[in-house]
Amino acid sequence: MGKRYFCDYCDRSFQDNLHNRKKHLNGVQHLRAKRVWYDLFRDAAAILQEEQTKKPCRKFLQTGQCDFGSNCRFSHMTEQDLEKLSAQVQGEQRSKELQQEGADVPPGTIEDWLEKRAKRLSAAQSNSGSICSTMLMKSPSQLILHLPTGGPGVETH
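Residue positions are given per chain, counting from 1 as you read along its sequence in written order. Under the rules for a predicted model, residues below a pLDDT of 70 receive no local features and side-chain atom pairs below 80 are neither given nor counted, while totals for whole chains, interfaces and linings still include all residues. Neither water nor hydrogens contribute to the side-chain values; these are computed over all heavy atoms in the structure.

1. Examining the overall build of the protein chain
- The number of helices and strands found in the protein chain is 7 helices and 2 strands.
- In DSSP terms, a helix is any run of H or I states spanning at least four residues, a strand is any run of E spanning at least two, and both are numbered starting from the N terminus. Starting at the N terminus and walking to the C terminus, you meet the elements of the protein chain as β-β-α-α-α-α-α-α-α.
- Working definition: with a 1.4 Å probe on protein chains only, accessible area under 20% of the residue-type maximum means buried, over 50% means exposed, and in between means partly exposed. Out of the 157 residues in the protein chain, the part that is buried amounts to 12%.
- Only the protein chains shown count as covering a residue, and every accessible area follows the Shrake-Rupley method with a 1.4 Å probe. When the accessible surface of the protein chain is summed, it comes to about 13,500 Å², and 54% of that surface belongs to carbon and sulfur atoms.

Here it is as structure tokens:
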């Protein structure tokens, strides 16, 4: 039967030879599927810029559906969607500026989480003196588990 080529973008396979591979890689379906895949990873600023240059899709605004789907050359974003995207872009820009200025770490960071975790664990330890809560307080390197020797599949010398 020969080798087969599987295209991850299109989720299909075909006989692998030069002619078939060239035909597939230059095909409209493959190029669209590849573009859709890479669009998933674009940053919000690029999406906003592209969507603001497009005119709104009349059919999508009237019916909520468009026959062209993601291949439509018009924008399928509403004014609220554009506002949300714009706010997201501004938030990302502010956080980048703070990082460049070397500002203190904003609230809601790992330090806050660690403090809350320590408080929870100390409260759990004071409420119940069980072995589980004392195990949680120890770091993984401090934990020593005493397992029985000679279990199934373990040879002892």
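Moving on from the coordinates now.
2. Overview of the nonpolar core
- Definition of nonpolar core: a set of buried residues of the types Ala, Val, Leu, Ile, Met, Phe, Trp, Tyr and Cys, connected through side-chain atoms within 4.5 Å. If you look at the biggest cluster of nonpolar residues, it comprises 5 residues: Ala44, Leu48, Leu82, Leu85 and Val89.
- Residue assignment for this core shows that the elements contributing at least two residues are helix 3 (44-53) and helix 5 (79-101).
- A per-element tally of this core places helix 5 first, with 3 residues.
- In this structure, Leu48 is in contact with Leu82, Leu85, Ser86 and Val89, ignoring residues within four places of it in sequence. Contacts are assigned to residue pairs that have any heavy atoms within 4.5 Å of one another.

3. Observations regarding the environment of Lys59
- The topology assignment puts Lys59 in helix 4 (residues 58-63).
- Taking the C-alpha atoms as reference, Lys59 lies 9.8 Å from Phe74; in sequence the two are 15 residues apart.
- When sequence neighbours within four positions are dropped, the list of residues in contact with Lys59 reads Gly64, Gln65 and Asp67.

4. Examining helix 3
- Of the residues making up helix 3, those classed as buried are Ala44, Leu48 and Glu51. All buried residues of helix 3 lie within an arc of 70° about the axis, which places them on one face of the element. Within helix 3, the exposed residues directed more than 90 degrees away from the buried face are Gln49 and Thr53.
- Along its buried surface, helix 3 packs onto helix 5. Starting at the helix axis, one direction is taken to each C-beta atom, and the arc is that of these directions.

5. Some points on the pattern of salt bridges
- One speaks of a salt bridge when a side-chain nitrogen belonging to Lys or Arg is within 4 Å of a carboxyl oxygen belonging to Asp or Glu. In total, this model carries 6 salt bridges according to the counting rule given.
- Between Arg42 and Asp39 there is a salt bridge, and its shortest N-O distance comes to 3.4 Å.
- Using a relative accessible area of 27% as the deciding quantity, one classes Arg42 as partly exposed.
- Among the salt bridges present, the one from Lys54 reaches Glu50, with a minimum N-O distance of 3.5 Å.
- The network of salt bridges with shared partners includes Asp39, Arg42, Glu50, Glu51 and Lys54.

6. A closer look at the pairing of strand 1 (residues 4-7)
- Pairs of strands are assigned from DSSP output, requiring at least two bridges between the strands. Pairing between strand 1 and strand 2 (residues 12-15): 4 bridges, direction antiparallel. Counted as the bridge partner of Tyr5 is Phe14 from strand 2.

7. Considering the side chain of His24
- Along the chain, the position of His24 falls in helix 1 (residues 18-25).
- If we ignore the near neighbours within four places in the chain, the residues touching His24 are Cys7, Cys10, Arg12, Phe14 and His30.

8. Section: the environment of Asp8
- Mapped onto the fold, Asp8 is located in the loop between strand 1 and strand 2.
- Residue class for Asp8 comes out exposed when judged on its relative accessible area of 64%.
- Distance from Asp8 to Ala33, taken between C-alpha atoms, is 9.4 Å for residues 25 residues apart in sequence.

9. Overview of the packing of aromatic side chains
- Between rings of Phe, Tyr and Trp, where Trp is taken as its six-membered ring, a pair exists when centres lie within 6.5 Å; planes separated by under 30 degrees are stacked, by over 60 edge-to-face, and by other angles tilted. Counting across every chain of the model gives 3 aromatic pairs.
- Relative to Phe14, the ring of Tyr5 lies with its centre 5.3 Å away and its plane at 45°, an arrangement referred to as tilted.
- Residue Phe14 is classed as buried on the basis of its relative accessible area of 9%.
- Relative to Phe41, the ring of Trp37 has its centre 5.2 Å away and its plane inclined at 70°; by these criteria the two rings are edge-to-face.
- Relative accessible area serves as the criterion here: at 57%, Phe41 is assigned to the exposed category.

Read these as spatial facts, not as claims about activity.
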